[in-house]
Amino acid sequence: PPESEAIVINNVSLSLQPGTVTGIIGPSGCGKSTLVRAIVGVWPTFRGAVRYDGANIDNWDSGKLGPNIGYMPQDVELFSGSVAQNICRFQEIEPEEIVAAAKKAGVHELVLHLPNGYDTNIGIGGQALSGGQRQRLALARALYKMPQVIVLDEPNSNLDAAGEKALAEAILSAKEGGATVVVVSHRPSLLASTDNIAVLNHGKLIKFGPREQVLNELGGGRANPVPSSTPTPANR
């Protein structure tokens, strides 16, 4: 991590394909959020590389790569401005695209009930919204114009049943649209949407493969069990 000399993720190698959903699970503090921050380029790698279509992420023009990556961090960050501005990442406002993203995230009806709809100013950090509302709005931002890569870090931590249903439908829609989707979560309801699961422990990849196979190996299809010791990393 920035301003730290500690190696949090080590010897992790994954190849993720378009039209697939990969779930990342593991105990608290095992490096899940660090891994996805590296995937989207928020944190640079000390060694090794993150590649898109074979090219190192550092070699891509950020202005061209950015719109093709949708990222929803675990700690949602919204900015002072309107709902519409936050969804479109403060770029040129395209109403149809903004509404489409909001509908995919299941937040459209909620926005319509705000004082000024999509023009409502949400305040610094989205303080005018509840935790669940902020999370849905951040999901809409991640889905804006349906990027080719969508990375969601604990996207359902503050969602109610309706929000979780909208999230699962959004993930399925992105998958069907050919996006590469990465989701950090432990909830079985969300892991059911995944094709593959990567298991981290102590910063290492200990399992990676088809969802049912990995979950069965961890404990009869349950999502939570992760060995306390560190087995040999998966050979991938």
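So, here's what we can say about the structure. Because the structure is a prediction, the values reported are computed rather than measured.

For the protein chain, the count of helices and strands is nine helices and eight strands. In terms of overall dimensions, the protein chain is globule-like: its C-alpha atoms have a radius of gyration of 18 Å, near the 18 Å expected for 236 residues. Along the first, second and third principal axes, the C-alpha atoms of the protein chain reach 55 × 40 × 35 Å. With 236 residues in all, the protein chain has 44% of them scored as buried. When the accessible area of the protein chain is evaluated, it comes to approximately 12,000 Å², of which 48% is carbon and sulfur surface.

This next bit is on the packing of aromatic side chains. Counting across every chain of the model gives one aromatic pair. Measuring from ring centre to ring centre gives 6.4 Å for Phe79 and Phe90, while their planes differ by 85°; the resulting arrangement is edge-to-face. Pair noted here: Phe79 is in the loop between β4 (69-72) and α3 (83-87) and Phe90 is in the loop between α3 and α4 (95-104), with a separation of 11 residues, a long-range link. Using a relative accessible area of 38% as the deciding quantity, one classes Phe90 as partly exposed. Directly above the ring of Trp43 sits Arg37, whose terminal nitrogen or CZ lies 4.5 Å from the centroid.

Tracing the backbone through its elements, the reader meets Val199 in strand β7 (residues 196-201). Looking at Val199, the relative accessible area reads 0%, which means it is buried. Measuring from C-alpha to C-alpha, the distance between Val199 and Ala55 comes to 25 Å, with 144 residues separating the pair along the chain.

Once that is clear, we can look at helix α6 (residues 131-143). Here α6 is 13 residues long and its end C-alpha atoms lie 19 Å apart, about the 18 Å a rise of 1.5 Å per residue gives. Of all the 13 residues making up α6, 10 are buried; the element is thus mostly covered by neighbouring parts of the structure. Listed as buried for α6 are Gly132, Gln135, Arg136, Leu137, Ala138, Leu139, Ala140, Arg141, Ala142 and Leu143. Buried residues along α6 sit in contact with β4, α3, α4, β5 (149-153) and α7 (161-176). Positive backbone phi, at 60°, marks Lys145, one or two positions downstream of α6.

Basis of the calculations
Residues numbered from 1 in each chain as written. Predicted model: local features only at pLDDT ≥ 70, side-chain atom pairs only at ≥ 80, totals over all residues. Heavy atoms only, no water. Helix = DSSP H or I, 4+ residues; strand = E, 2+ residues; numbered from the N terminus. Rg over C-alpha atoms; globule rule 2.2 N^0.38 Å. Buried < 20%, exposed > 50% of the residue type's maximum accessible area, 1.4 Å probe, protein only. Areas by Shrake-Rupley, 256 points an atom, 1.4 Å probe, with all protein chains shown as cover. Phe/Tyr/Trp six-rings, centres within 6.5 Å; stacked < 30°, edge-to-face > 60°. Lys NZ or Arg CZ within 6 Å of the ring centre and 35° of its normal. Expected span 1.5 Å × (residues − 1). Contact = heavy atoms within 4.5 Å.

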